[in-house]
Amino acid sequence: MKSLIITKLGGSAITNKHIPFFAKKDVLKNVARDISILMEQYKFIIVHGGGSYGHFIVKKNKLKKKGYANPLVISEINQAMLTLSNIISATFLEKGIPLFTLHTPSILSLEGKKLKMHLRPIEYALNSNLMPMLSGNIVLDKEKNRYAIISGDVIMKLLAKILKPKLAIFGLNVDGLIDPKSGKVIRQIKWQETLKFTNLIMKTQAPDITGGMKFKLLQAAKIAQLGIEVRIGNITKERGLYNLVAGKGIFTKIT
Ligand SMILES: Nc1ncnc2c1ncn2[C@@H]1O[C@H](COP(=O)(O)OP(=O)(O)OP(=O)(O)O)[C@@H](O)[C@H]1O
Ligand SMILES: [Mg+2]
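Residues numbered from 1 in each chain as written. Chains lettered and ligands numbered in written order. Predicted model: local features only at pLDDT ≥ 70, side-chain atom pairs only at ≥ 80, totals over all residues.

Q: Explanation requested: the site of ligand 1 in the structure shown.
A: Around ligand 1, the structure places 25 residues, and the nearest of them are Gly10, Gly11, Ser12, Gly49 and Met213. Of all elements in the fold, only helix H1 (11-14), helix H3 (51-60) and helix H9 (212-225) reach the threshold of two or more residues within the shell around ligand 1. For the shell around ligand 1, the per-class residue count stands at eleven nonpolar, twelve polar and two charged. (Near = placed C-beta within 6 Å. Helix = DSSP H or I, 4+ residues; strand = E, 2+ residues; numbered from the N terminus. Nonpolar A, V, L, I, M, F, W, Y, C, P; charged D, E, K, R; others polar.)

Q: Which parts of the structure should I look at to understand the sheet that holds strand S3 (residues 66-68)?
A: Hydrogen bonding along the main chain pairs the strands of a sheet, whether they run parallel or antiparallel. What the three strands build is an open sheet, ordered S3-S9-S8; its pairing is antiparallel. This sheet does not close on itself; its edge strands, each paired only once, are S3 and strand S8 (137-140). When strand polarity is set aside, the average angle formed by the axes of neighbouring strands in this sheet is 30°. In the sheet, S8 pairs with strand S9 (residues 146-150) via four bridges, with the strands oriented antiparallel. Within S9, the residue paired with Asn137 across the bridge is Ile150. (Pairing = 2+ DSSP bridges. Axes fitted to C-alpha atoms, helices over the stretch in contact; angles between N-to-C directions.)

Q: Help me out: how do you make sense of the nonpolar core in this one?
A: As a rule of thumb, soluble globular proteins bury nonpolar side chains together. Counting residues in each nonpolar core, the largest one holds 69 residues, and the members touching the most others are Ala220 and Val230. Among the elements that take part in this core, helix H4 (residues 71-94) stands out by supplying seven residues, more than any other. (Core = buried A, V, L, I, M, F, W, Y, C linked by C-beta atoms within 7 Å. Buried ≥ 20, exposed ≤ 12 C-beta atoms within 10 Å, placed from the backbone.)

Q: Is there a simple way to think about H9 in this case?
A: Since one α-helical turn is 3.6 residues long, residues separated by three or four positions face the same way. Taking 1.5 Å per residue, 14 residues should reach 20 Å; H9 reaches 20 Å between its end C-alpha atoms and fits that length. Buried within H9 are the following residues: Met213, Lys216, Leu217, Gln219, Ala220, Ala221, Lys222, Ile223 and Ala224. Residues of H9 that are buried make contact with helix H7 (152-163), strand S10 (167-172), helix H8 (194-197), strand S14 (229-234) and strand S15 (252-254). Just beyond H9, the residue with positive phi is Gly227, at close to 90°. (Expected span 1.5 Å × (residues − 1). Contact = placed C-beta atoms within 7 Å.)

Q: Teacher, can you tell me more about the environment of Val27 here?
A: In this fold, Val27 is placed in helix H2 (residues 25-38). According to the C-beta neighbour criterion, Val27 is buried, with 22 such atoms within 10 Å. Discounting chain neighbours no more than four positions away, the residues touching Val27 are Ala13, Ile14, Ile235 and Thr236.

Structure follows, in structure tokens:
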């Protein structure tokens, strides 16, 4: 039986977060090539972030992380995220990867604070040798017009909790968590000490409605707490994702 790896393609890596609707096709091609090799050995679930698609629309409409929104805005966010999902799936398919986009607002729903995940489509896709892909997106609440933006980082945590993968990988445009004083990557963190590292987060210009690096670290800590190793590293480099899975090169490991 192949072990399962959950991988987030961070919006910082696969898009240029400073330019609206800019997907980095070269990065996607590299990532797809790595996965096409790795899938001989592992099963994958892919999660992707909003990058300059989702975050851009949310920022333009001054939307909060949760609340009430105009249906046209909700529709626009969903559309933007599906556009990015389609670019990814087309690139993966070209490399022979049977990517199967699952639509986040159809798999997740909210009842106030309770986030519900419909797991069967994910399990059935895996059973059928498809590679399920979810993304951060808007999720609807039982209450009329209420929404929440659920980040890819949270979806990673939900998947880890339920499916207990062998590894959880967060792919970014940086080599890991960087100590701003030394400029070096912090190579290893114990989940219990993650909180202390969140004060290393630098202010960035890139829009990120879902809490950026700090929130990512907190989700990563929750995954590591389950006994699942988390690796945060750069997937914009040649063989970046391959090396992360192989444990080669520089990255931040959270255990
Ligand atoms: N100490 C730090 N170490 C590493 N990156 C940091 C640090 N502080 C801030 N950052 C920023 O955090 C960014 C990653 O978080 P961000 O949420 O923008 O990306 P992402 O999760 O890949 O994108 P998306 O939310 O669209 O999926 C990096 O691109 C970097 O600029
Ligand atoms: Mg983010």
